[in-house]
Amino acid sequence: MQSLGTTVSVVGGGVGVVTEGVKAGIAGLMSLAAQGSALPTEGGGVFSITFNQDYSSLGVGTRIGYRLYSLSTLDKLELICDNDTREMECLGECWDADSGKLYPSSGAECYRVTCNEDTCIVERLFSSSLVAVVSLSSPRKLKVCHFKKNSEICNYSYPNTILGVKLNRARLVVCLEESLYIHNIRDMKVLHTIRDTPPNPTGLCALSISNENCFLAYPGSNSIGQVQIFDAQNLQAKIMIPAHDSPLAAISFNASGTKIATASERGTVIRVFSVGEGARLHELRRGMKRCATIFSLAFSPDSLFLCASSNTETVHVFRLEEIKETRPPVVEEQQGLMGWMTKAVSASASYLPTPVADMMSQGRAFATVTLPFQGVRNVCAIATIQKQTRVLVASMDGYLYVYSLNTSEGGDCTLIKQHRLDGHEGGPTTGECAGASTATSGPYPGAAKKTEPVHTDGGGGEGTYAGVLRGPAGTVMTEADKMSEMAAACESPPKSVLKFDDVSEFPPV
């Protein structure tokens, strides 16, 4: 059996392949860097923000590592893992230019400050301790790490820049610009490679989290909005859905893998399709006055709601009501002038242009969230926190916004809580490596090593929930331990996972 601790290179031969790989790699690296270059420097320069599969935790990739937060409570953002740290190495001796001699180090000028790798992708597998990491420093390398035991399980190299990584308990999918690699997540073997896909410079893809409906979705064209559905369990193509006239901008599965939501680059209409038959179930209008860039789509856990965030200041929440086929009631035909007018109005409706008729039948937003910003990339979710339905919006400016959602009446959502994602409760922070003035024991670059939080109040205590999740100090993992941890993390639900919303397990104090 191939060792998981060794690096496996998935490369092709030929000068042409290498040349194309270099071009695609540069383009992909520029695409990833552009997402964080124009952003504020708060939070160490946020490069990526992603929710895990069930919206129970949040991963933040920064210029100097990454962090994982638990979303089990509203009052405080629990820090589960802090890889966003700096290391200070004492040089021992310093050179005195005046005397031309070495002298024992005693000041900050005799320390070398190093930072972890700049993390552009961080994906956690549900509530397990497995996390997939990609850095801008090594954009072609994927690292799968165990952040509780401070160890790297395996790493893989690919021919081009990694633009996206998706996980569920059966598969791990790596998205390149013109290919997708499907791994068995239990042993990380490459099961299938989808080559020569339409150019996908943003790494747009979606993986269903369902064990029964393990589907992968990716653009089937770069000129129109076709969605290719691939059966990742049986490794075969399933269906092609013609969703939009314009290229795709966002796609998302519901929790059961039976529905998929799509949005195009125009951003005015969002559609929901049945994965099995490809039938259109819902057509939802985000807006009519202006086009928008859709950043994210997310179903609620029960698939009754769908939220959409964009480059505008509004997050739309749609209610997905079941379509019921009802037979129109038989009305006795009226006589005279009123009867003739009724027939004329009914007949004229069938002569309306198709776009007008479609617009009249489109669903409108059930609820809306008004953000304090616009034009900043963000990701949204609908989650159940402490038995209440909440709308979560995490933005690349380093903040998490929590809003209420009235599931019966809708309307405007109220801001409940706002959390910073830079490890601080208040006060500005530059996050620059050169500005470090205190020494912190940090992990090796780019891997999921557990460290003490840099700036959190009470986050490092062993009695807190976050402290329990971090686990004991790291130990050296054998190959058997790595295989066991991979298998345990893929269980449904994963073993040794604490359920914070279980009153019997954590009774109120």
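Data block above holds the structure.
Each chain carries its own residue numbering, running from 1 in the written order of its sequence. In view of the model being predicted, local features appear only for residues whose pLDDT reaches at least 70, and side-chain atom pairs are presented and counted only at 80 or more, with totals across whole chains, interfaces and linings using the full set of residues. To get the side-chain values, all heavy atoms of the structure are used, and hydrogens and water are removed first.

1. Focus on the overall build of the chain
Link 1 in the chain: Helix numbers and strand numbers start at the N terminus; a helix is a DSSP run of H or I with at least 4 residues, a strand a run of E with at least 2. A count of helices and strands for the chain gives five helices and 34 strands.
Link 2 in the chain: For every residue, the accessible area (1.4 Å probe, protein chains only) is compared with the maximum for its type, and the residue is labelled buried under 20%, exposed over 50%, or partly exposed between those bounds. Evaluated residue by residue, the chain yields a buried proportion of 51% over its 509 residues.
Link 3 in the chain: The long-range fraction of contacts in the chain, counting pairs at least 24 apart against all pairs at least 6 apart in sequence, stands at 50%.
Link 4 in the chain: Here the accessible surface of atoms and residues is derived via Shrake-Rupley with a 1.4 Å probe, and residues count as covered only by protein chains that are part of the display. Of the roughly 24,100 Å² of accessible surface on the chain, a fraction of 52% belongs to carbon and sulfur atoms. Here, residues are in contact when the closest pair of their heavy atoms is within 4.5 Å.

2. As for the packing of aromatic side chains
Link 1 in the chain: Centres within 6.5 Å are what make two rings of Phe, Tyr or Trp a pair, Trp counting through its six-membered ring; a difference in plane orientation under 30 degrees is then read as stacked, over 60 as edge-to-face, and the rest as tilted. Applying the stated criterion to the full structure yields five aromatic pairs.
Link 2 in the chain: Centre to centre, the rings of tyrosine 399 and tyrosine 401 are 6.2 Å apart; their planes meet at 35 degrees, and the pair counts as tilted.
Link 3 in the chain: Taken together, the ring pairs connect Phe373, Tyr399 and Tyr401 into an aromatic cluster.
Link 4 in the chain: The cationic tip of arginine 169 hangs over the ring face of phenylalanine 126; the distance from NZ or CZ to the ring centre is 3.7 Å. Consider the ring centre and the ring normal. A charge sits over the ring if Lys NZ or Arg CZ is within 6 Å of that centre and within 35 degrees of that normal.

3. Quick notes on the environment of alanine 383
Link 1 in the chain: Along the polypeptide, alanine 383 turns up in strand 30 (residues 378-385).
Link 2 in the chain: Separated by 84 residues in sequence, alanine 383 and phenylalanine 299 place their C-alpha atoms 9.2 Å apart.
Link 3 in the chain: Ignoring anything within four residues of it in the chain, the contact list for alanine 383 reads Tyr55, Gln388, Thr389, Arg390 and Leu392.

4. Some remarks on the pattern of salt bridges
Link 1 in the chain: Just to be clear on terms, a salt bridge is a Lys or Arg side-chain nitrogen sitting within 4 Å of an Asp or Glu carboxyl oxygen. The tally for this structure, following the rule as stated, stands at four salt bridges.
Link 2 in the chain: For the salt bridge of lysine 143 with glutamate 117, the shortest nitrogen-to-oxygen distance reads 3.6 Å. Residue lysine 143 is located in strand 12 (residues 141-146), and its partner glutamate 117 is located in the loop between strand 9 (111-115) and strand 10 (119-124); the two are separated by 26 residues in the primary sequence.
Link 3 in the chain: Judged by its relative accessible area of 16%, glutamate 117 falls in the buried class.
Link 4 in the chain: Each of Arg271, Arg280 and Glu283 takes part in a single network of salt bridges with overlapping partners.

5. Let's talk about the pairing of strand 19 (residues 215-219)
Link 1 in the chain: Among the five residues of strand 19, five are classified as buried, and the element is accordingly described as predominantly covered.
Link 2 in the chain: Whether two strands pair depends on DSSP finding at least two bridges between them. Relative to strand 19, strand 18 (residues 206-207) runs antiparallel, the two sharing two bridges. Looking at the pairing, leucine 207 lines up with leucine 216 of strand 19.
Link 3 in the chain: Taking the residues between adjacent antiparallel strands as the criterion, strand 19 and strand 20 (residues 225-231) are bridged by five residues.

6. Side note on the sheet that holds strand 25 (residues 280-285)
Link 1 in the chain: The four strands lie next to each other as 22-23-24-25, forming an open sheet whose pairing is antiparallel. Each of the sheet's edge strands pairs with one partner strand only, and the pair in question is strand 22 (248-253) and strand 25. The average angle at which neighbouring strand axes cross in this sheet is 20 degrees, direction not considered.
Link 2 in the chain: Both strand 23 (residues 259-264) and strand 24 (residues 269-274) contribute to a ladder of five bridges, which runs antiparallel. Within strand 24, the position partnered with isoleucine 260 by the bridge is phenylalanine 273. Axis angles are defined between N-to-C directions and span 0 to 180 degrees, where every axis is a line fitted to C-alpha atoms and, for a helix, only to the segment in contact.

7. So, the nonpolar core
Link 1 in the chain: Ranked by size, the top nonpolar core spans 41 residues in total, and within it Ile49, Phe51, Leu58, Val317, Leu392, Leu400 and Leu421 carry the most contacts.
Link 2 in the chain: Put simply, the parts of the chain that give this core at least two residues each are strand 2 (48-51), strand 3 (57-62), strand 27 (305-310), strand 28 (314-319), strand 29 (367-370), strand 30, strand 31 (388-395) and strand 32 (399-404).
Link 3 in the chain: In terms of residue count, the dominant contributor to this core is strand 30 (six residues).
Link 4 in the chain: Aside from chain neighbours lying at most four places away, what touches leucine 400 is Phe51, Leu58, Leu71, Leu77, Leu392, Val393, Ala394, Lys417, Gln418, His419 and Leu421.
Link 5 in the chain: The next biggest cluster of nonpolar side chains, apart from the first, holds 27 residues, and it includes Cys120, Leu125, Ala132 and Tyr156. What makes a nonpolar core is a set of buried Ala, Val, Leu, Ile, Met, Phe, Trp, Tyr and Cys residues whose side-chain atoms join them at distances within 4.5 Å.

Shape descriptors only; they carry no functional weight alone.
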